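Architecture and fold: a report
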Amino acid sequence: MGIVTRGFRGRRDPSAEKLPPGQYLTREFPVLSAGPTPDIPLDQWRFTIRTEDGAERSWTWRELLDLPSEQPTVDIHCVTKWSKLATRWEGVSVDTLLADVSTSARYALAHSYGGYSTNLPLADLRDGKAWIAYRYDGRDLPGEHGGPARLLVPHLYFWKSAKWVSGIELRADDTPGFWENLGYHNYGDPWREQRYTGD
Ligand SMILES: Nc1nc2c(c(=O)[nH]1)N[C@H]1C(S)=C(S)[C@@H](COP(=O)(O)O)O[C@H]1N2
Ligand SMILES: [Mo]
């Protein structure tokens, strides 16, 4: 017994199944920044998690690099409709950074050097779904792509992956970030094509 409809789709490009609705594949790595690329001297760089109680935990650049890192290979999907498959990164899992942060917050607001921000449920940063990435394709992450370090949350549209990330604010309540305030979807699941408010 077989599934009759299976033959229709037959042997199409296997990468097509990795493309969320409305997306096209690119081999380029487009740069999308709402403002200028900030210049952050590494000796001044900090990454800070602030809890809903105001408690703060910070890491210097050296401290971040000393944490165990992971090398995720992930597909990324921009709301402007390009997708890029099997991109190779290195960075620290957000789980590692949250390990000894005590919180009952349900929401997170990621902040960037330069003022960008983006919000998401804290659950979407946990359980191996998000990283603070500092290497791309075997090299230090270029400034235009968010170096020295960016948030990487590949299961959501790429605007949630804050470049030049400076910290994560843990919050009891949800509050929109930069693009979410300008009409983009609050959650941004590419598989449900949640591009704009109301999608
Ligand atoms: N700080 C900051 N992070 C940002 C942005 C930005 O303008 N500023 N743009 C977002 C958007 S809309 C996308 S698609 C990706 C683009 O990342 P890239 O330039 O590395 O392709 O970064 C996201 N993170
Ligand atoms: Mo984007």
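Residues numbered from 1 in each chain as written. Chains lettered and ligands numbered in written order. Predicted model: local features only at pLDDT ≥ 70, side-chain atom pairs only at ≥ 80, totals over all residues. Heavy atoms only, no water.

**Points about the environment of E144**
Mapped onto the elements, E144 comes out in the loop between strand 9 (139–140) and strand 10 (150–152). Judged by relative accessible area, E144 falls into the partly exposed class, the value being 42%. Residues E144 and P38 lie 106 residues apart in sequence; the distance between their C-alpha atoms is 9.0 Å. Residue contacts for E144: discarding those within four places in its chain leaves V31, S33, T37, K163 and W164. (Helix = DSSP H or I, 4+ residues; strand = E, 2+ residues; numbered from the N terminus. Buried < 20%, exposed > 50% of the residue type's maximum accessible area, 1.4 Å probe, protein only. Contact = heavy atoms within 4.5 Å.)

**Comments concerning the site of ligand 1**
P30, A34, H145, R150 and K163 are the nearest of the 20 residues found near ligand 1. Between ligand 1 and S112, the relevant distance is 3.4 Å, taken from a nitrogen atom to a side-chain nitrogen or oxygen of the residue. Between an oxygen atom of ligand 1 and a side-chain N or O atom of R150, the distance comes to 2.8 Å. (Near = heavy atom within 4 Å. Polar contact = N/O pair within 3.5 Å; in protein donor to acceptor, adjacent residues only side chain to side chain.)

**Some details on the UniProt feature "domain: Oxidoreductase molybdopterin-binding" (unreviewed entry) in the protein chain**
Feature annotation in UniProt places "domain: Oxidoreductase molybdopterin-binding" (unreviewed entry) on residues 35–179, given in this structure's numbering. Along residues 35–179 the backbone is 9% helical and 39% strand, and the end-to-end C-alpha distance reaches 13 Å. (UniProt positions renumbered as here; feature names shortened; annotations may be inferred.)

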